[in-house]
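Listed below are the residues making up each chain.
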Amino acid sequence: MSAQENPDISTKFSTLNVNAVEFVPSFSYSVAAATAVETPPPPAPAVVGGGTTDPGPGASGSGSATPATTPDSTGSGGSTNALPSVGAPAATPAPAPAPASASATTPASAPAPGPAPVSVTVNSSNSASPVPASPATTPSKSAPSAEAPPVENTNSVDKTANNETDAADSWDVEDDAAITPEDEEADDAEFAEGEATAKASKKKVVKVEENRSKREHVNVVFIGHVDAGKSTIGGQIMSLTGMVDKRTLEKYEREAREKSRESWYLSWALDTNQEERDKGKTVEVGRAFFETDRKHFTILDAPGHKSFVPNMIGGAAQADLAVLVISARKGEFETGFDRGGQTREHAMLAKTAGVKHLVVLVNKMDDPTVNWDQGRYNECKDKILPYLKKLGFNPAKDLTFMPCSGLSGYGLKDQVPEELCPWYRGPAFIPFIDELPSLNRKSDGPFIMPIVDKYKDMGTVVMGKVESGTARKGQNLLVMPNRTQVAVDQLFSDDYEVTSVGPGENVKIKLKGIEEEDVSPGFVLCDAATPIKTGKIFDAQVVILEHKSIICAGYSAVMHIHCAAEEVTVKALICLVDKKSGDKSKTRPRFVKQDQVAIMRIECSGMICLEQFKLFPQMGRFTLRDENKTIAIGKVLKVVE
């Protein structure tokens, strides 16, 4: 049997070991052995290249078998006289084990191809599967197998000394040919297991480190009128923090110059699709991230055009910090701030979306019509400040103004040079947001993540910002309002794969158990044990901001709540609330008009996820829009059904 099966077993083993080498270093010996049998010369260079593995036929077993055979080697030495004699010189020249093993190879392999498969057999005992071998070898072999892998290269000299006798030893074992097949199976299983653990452990280690980036996650949304320079500032920040490499920017610059739009090239880092680049207008919320020593910032680049305000609301819903970009250029600031301009509406929507801090960047200060003029900066500031105060931003605590230039990058990472702007010596934008006090987040609550977007990529991937709680790989979650059970397959926090995500992070989650068609933006991924409330009818307190006519029962509009947009109808007006005292009227009003606050019952066209505002503000505040204008903001008081 052994005669016929020899070559075929050896091929089995050689293929087996070739794969294993990648994962278990100690097996590289056996591969070297296999190659040594076919072609004697190559092993010597192999050693020179990577000192850790040493080749040679005996080297195959050097992991464990070598020390094992020593007791036995004297007996087996008799079988081949050539080998011990070669072994003797090998022991003396300590520095160069390689040539010795190489020279040993030739005589060993020349006499017969037999040793190859068997030398591997000996090696297999390395993987701790006890082999019914000749009694002399077995006990001694199993003992060192435990300590073998760590001492791979320390004993390389002794190994080479004993290697030669190894081959001889293996012939004794050969007589017992019945070993090889079962051995191979055991070996196989062992390998599969070893491979898996090696893979897993490797990945785990890396991930845990990456996952524990203790930096705080902050989501920054850039808002403001169309053409104020939001995308350009975003692109400039990425270029200053090294998130976009120079060559990419040079390519953008070249392409932009070909379209005679050379001042747009920075915004292309965030405006990635062709339509946005051709028109120079952001349509969807662009995403990117940058890091400082203390924090990890996700940039959300909202569109400024009034047709795309719904997209902007989705972006603002994920933000902790809003940056209102206004253009100091003559005429541009005025159009943005007058009624119907987006500067007003965006600031108000950001406040409604629950943004804690607003930074106002007065951009384009390097424009020829402005030229870092303090008068113009103060004029813009004084015009917009009363409006922002009216929205509820407190200038002392959560409102900051600073001049900058998005195109040249002044005032973003480093302070504006004194010769340009002697009158503003405050901090630059990135250091300032880095120093802001950290946000208190609910990491102990149930996991809640409103879904902003979804796509297909070997499974269903959903994107969004974790509002509370944590999720881990393999955890079971629910997609509401459909009550679909899903399992977390992979987690990505800003393109890095991680093992768990916490509140405030902008994440992509790959889900098992749901089709991409069954998810739509506005659904909520939540904990299976404590799912989020869903409802169709709810009571809410609503502030009417601007509406020409009156609002009464039966009025319909589009409601934006977290990331969902749903058509709603006012079912009944319950009472009016006095703005100053907060008292509720005794009688039911027949209508509400601009600047009034009312409590009303609202019915949605479909089921949506929402929570009471006082329990969970992010899931309980909403805006009502009609005819492309934001007409009201409100908060959910109670979910009726």
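Residues numbered from 1 in each chain as written. Predicted model: local features only at pLDDT ≥ 70, side-chain atom pairs only at ≥ 80, totals over all residues. Heavy atoms only, no water.

Student: Which parts of the structure should I look at to understand the confidence of the model for the protein?
Tutor: Detailed reading of predicted coordinates is not advised where the pLDDT is low. In the predicted model, the protein carries a mean pLDDT of 74, and 66% of its residues have values of at least 70. Low pLDDT, under 50, characterises residues 23-210; the stretch is placed with 198 contacts to residues that sit more than four places away or in other chains. (pLDDT = per-residue confidence, 0-100. Contact = heavy atoms within 4.5 Å.)

Student: Help me out: how do you make sense of the pairing of strand β15 (residues 524-527) in this one?
Tutor: Every other side chain in a regular strand lies on the same face of the sheet, so the side chains alternate between the two faces. Two strands pair when backbone bridges link them, and strand β7 (residues 448-456) and β15 are joined in this way by three bridges, in the antiparallel orientation. Residue pairing for β15: Met449 is matched across the bridge by Leu525. Relative to β15, strand β10 (residues 476-480) runs antiparallel, the two sharing four bridges. Residue Leu478 lies in a different strand from β15, and its bridge partner there is Cys526. (Pairing = 2+ DSSP bridges. Helix = DSSP H or I, 4+ residues; strand = E, 2+ residues; numbered from the N terminus.)

Student: For this particular structure, what's the right way to read the environment of Leu349?
Tutor: Note that Leu349 resides in helix α17 (residues 342-352). Sequence-wise, Leu349 and Ile633 are 284 residues apart; in three dimensions their C-alpha atoms are separated by 8.5 Å. Apart from the residues within four sequence positions on either side, Leu349 is in contact with Val309, Met312, Ile313, Thr623 and Thr630.

Student: Explain the nonpolar core to me, please; I cannot follow it from the model alone.
Tutor: The tendency in soluble globular proteins is for nonpolar side chains to be buried as a group. In terms of nonpolar packing, the biggest core is built from 73 residues, with Leu388 and Phe429 touching the most fellow members. For this core, the element with the most residues is helix α18 (residues 374-391), which contributes seven residues. In this view, Phe429 contacts Phe222, Ile237, Val323, Val359, Leu361, Met402, Gly411 and Leu412; residues no more than four positions away in its chain are not counted. Within the second largest apolar cluster, 25 residues are counted, among which are Phe538, Ala598, Ile608 and Ile631. (Core = buried A, V, L, I, M, F, W, Y, C linked by side-chain atoms within 4.5 Å. Buried < 20%, exposed > 50% of the residue type's maximum accessible area, 1.4 Å probe, protein only.)

Student: Looking at this structure, how should I read the state of the cysteines?
Tutor: By definition, a disulfide links two cysteine residues through a covalent bond between their sulfur atoms. Counted under the stated rule, the structure contains zero disulfides. Among the cysteines around Cys609, which has no disulfide bond, Cys526 carries the closest sulfur, lying 6.9 Å off. Note on Cys609: relative accessible area 1%, which makes it buried. (Disulfide = S-S within 2.5 Å.)

Student: Just to check I follow, could you spell out the layout of surface pockets for this structure?
Tutor: Over the atoms, a rolled probe matching the size of one water molecule traces out where space is still vacant. The volume enclosed by the largest pocket comes to roughly 1,100 Å³. If you list the elements that add at least two residues to the lining of the largest pocket, you get α17, α18, β16 (534-544) and β21 (629-639). Considering each element in turn, the lining of the largest pocket owes the most residues, six residues, to α17. Considering only residue class, the lining of the largest pocket consists of 10 nonpolar, 10 polar and 15 charged. What the second largest pocket holds in volume is close to 700 Å³. Taken together, 31 residues form the lining of the second largest pocket, with Glu284, Val285, Asn311, Val452 and Asp453 sitting closest to its centre. Secondary-structure elements contributing two or more residues to the lining of the second largest pocket are β2 (286-291), α15 (309-316), β7, β18 (564-577) and β19 (597-609). (1 Å grid on protein atoms, 1.4 Å probe; cavity = no way out; pocket = protein on both sides within 12 Å on 5 of 7 lines; lining within 4 Å. Points joined across faces, edges and corners; volume = space filled by probe spheres on them. Nonpolar A, V, L, I, M, F, W, Y, C, P; charged D, E, K, R; others polar.)

Student: Would you take a moment to explain the packing of α17 against α18 for this structure?
Tutor: In a pair of packed helices, the angle between the axes and the distance between the axes together describe the arrangement. It is at 10 Å that the axes of α17 and α18 come closest, and there the two elements cross at 30 degrees. When the interaxial angle is binned, α17 and α18 end up roughly parallel. As α17 runs across α18, the sense of the crossing is right-handed. Along its contact with α17, which presents Thr343, Arg344, Ala347, Met348 and Lys351, the element α18 presents Ile384, Tyr387, Leu388 and Leu391. Residue classes in the contact of α17 with α18 are distributed as six nonpolar, one polar and two charged. (Axes fitted to C-alpha atoms, helices over the stretch in contact; angles between N-to-C directions. Parallel < 35°, antiparallel > 145°, perpendicular 65-115°, else oblique. Left-handed = near helix turned anticlockwise from the far one by under 90°.)

Student: Explain the environment of Phe591 here, please?
Tutor: The residue Phe591 is located in the loop between β18 and β19 in this model. Taking the C-alpha atoms as reference points, Phe591 and Ser549, 42 residues apart in sequence, are found 10.0 Å from one another. When neighbours within four sequence positions are excluded, Phe591 is seen to be in contact with Ile550, Ile551, Cys552, Leu573 and Gln596.

Student: Would you mind going over the sheet that holds β18 with me for this structure?
Tutor: In a beta sheet, neighbouring strands are held together by backbone hydrogen bonds and run either parallel or antiparallel to one another. Here we have six strands rolled up into a closed barrel, ordered β16-β19-β18-β17-β20-β21, and antiparallel in their pairing. Looking at each pair of strands side by side, their axes are set apart by 45 degrees on average, direction ignored. Note that strand β20 (residues 621-626) and β21 share six bridges and pair antiparallel. Residue pairing in the sheet places Asp626 in a bridge with Lys629 of β21. Most of the contacts of α15 go to β20, to which it runs at about 175 degrees, and overall it touches β17 (556-561) and β20.

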